[in-house]
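# Results of the structural survey
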Amino acid sequence: MWVGPPAIQVGRQQLSLTDPSPNFGPRRDGAVPDMVVIHYTAMKSAAAACRTLCNPDTEVSAHYLIAEDGTVMSLVAERMRAWHAGAGAWGAVIDVNSRSIGIELANNGVSPFAAAQMDALSTLLTGIKQRWAIRPERVIGHSDMAPGRKIDPGRRFDWKRLALEGHAVWPSASLSTGLAVSDAAFAEQAAQFGYVHTDSVQLLDAFRMRFRPWANCSLDGTDMAIITDLATCFPVDAPPITA
Ligand SMILES: [Zn+2]
């Protein structure tokens, strides 16, 4: 169930109960969302994050904010362009805000995500993906589209669970072995999956944050096998779903 946040007073402006954030605009060039970007708030509480995301002075927003207890706040209408992604890209998409729905999870950046919050995210994603025909491989983290600049939703976010529920992707259980290990080959496969070119350290860090969160060795055969599997199964330029 979607629950609006309490009415918010910002200066003399009383924001409405539904979609109260003033920080949005039209999606550019008639774009419709075909991606979801997941964030964490890195703030003390969901209430504090809500105030920030609804304050016109901050010029930041997201379509949804999910509190630790699973309360889902709709801050910007899905058809509008919220301001959550900033600089970055995924595949050929460079105006990620025009092409995505942004979801903020109330989290301080170091704590695990609460079960109720993950359950609410899963339910929310089911609806969003149906409404906009979004493929699971186009549900990404902020760190995926902005390596080196963003680290959310971070190492504690359970991407595997989302993938098991069909809301994201995860590498196959059986992976290739014996692949040549090189930064160039890794970058090439990463680009086919969607990562934009960046320096090799930032790219590996972004990839591992999501797919090997606790690995700390240098680039190895497991990284190569995972990214090759993802690039093969989920190429970023795959044709869209036809209804
Ligand atoms: Zn973010």
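So, here's what we can say about the structure. (Residues numbered from 1 in each chain as written. Predicted model: local features only at pLDDT ≥ 70, side-chain atom pairs only at ≥ 80, totals over all residues. Heavy atoms only, no water.)

### Overview of helix H7 (residues 200-211)
Here H7 contains twelve residues, and its C-alpha end-to-end distance of 16 Å stays within 8% of the 16 Å for a straight helix at 1.5 Å per residue. Lining the buried residues of H7 we find strand S9 (139-141), helix H4 (142-145), helix H5 (159-164), helix H6 (183-193) and helix H8 (221-233). Two or three places before Val-201, at the start of H7, stands the capping residue Asp-199, its side-chain oxygen 2.9 Å from that residue's backbone nitrogen. (Helix = DSSP H or I, 4+ residues; strand = E, 2+ residues; numbered from the N terminus. Expected span 1.5 Å × (residues − 1). Contact = heavy atoms within 4.5 Å. Polar contact = N/O pair within 3.5 Å; in protein donor to acceptor, adjacent residues only side chain to side chain.)

### Let's talk about the coordination of the zinc ion
Coordination sphere of the zinc ion, protein contribution only: His-39 (ND1), His-142 (ND1) and Asp-152 (OD), at 2.1 Å. For the zinc ion, all donor residues lie on one chain, and their spacing in sequence is H-x102-H-x9-D. In this pair, His-39 is assigned in strand S4 (residues 35-40) and His-142 in helix H4, connecting sequence segments 103 residues apart. When its relative accessible area of 1% is taken as the criterion, His-39 is described as buried. A residue is classified by how much of its surface remains accessible, and His-142, at 4% relative accessible area, is buried. (Donors = N, O, S within 2.8 Å, 3.2 Å for Na, K, Ca; no water. Buried < 20%, exposed > 50% of the residue type's maximum accessible area, 1.4 Å probe, protein only.)

### Structural notes on the packing of aromatic side chains
Taken as a whole and assessed by the stated rule, the structure comprises nine aromatic pairs. Each ring, one from Trp-170 and one from Phe-211, has its centre 5.7 Å from the other, and the planes form 45°; the classification is tilted. Remark: Phe-211 occurs in helix H7 and Trp-170 occurs in the loop between H5 and H6; sequence separation between them is 41 residues. Take Trp-170: its relative accessible area is 26%, and that puts it in the partly exposed class. Ring centres 5.1 Å apart and planes at 80° place the aromatic pair Phe-186 and Phe-207 in the edge-to-face group. With Phe-186 in helix H6 and Phe-207 in helix H7, the pair connects residues that are 21 residues apart, well separated along the chain. As far as burial versus exposure is concerned, Phe-186 and Phe-207 are alike and both buried. In textbook terms, an aromatic cluster arises when at least three aromatic residues are bridged by ring pairs, as seen for Trp-90, Trp-170, Phe-186, Phe-193, Tyr-195, Phe-207 and Phe-211. (Phe/Tyr/Trp six-rings, centres within 6.5 Å; stacked < 30°, edge-to-face > 60°.)

### Some points on the pairing of strand S8 (residues 100-105)
Counting buried positions along S8 gives six out of six residues, so the element sits mostly inside the fold. Of the two faces of S8, the one lined by Ser-100, Gly-102 and Glu-104 and the one lined by Ile-101, Ile-103 and Leu-105 are each fully buried. Here S4 pairs with S8 via six bridges, running parallel. When the sheet's bridge partners are listed, Val-37 is paired in S8 with Gly-102. Pairing analysis gives three bridges linking strand S5 (residues 64-66) to S8, with the strands arranged parallel. (Pairing = 2+ DSSP bridges.)

By themselves, these are just geometric observations and shouldn't be taken as functional.
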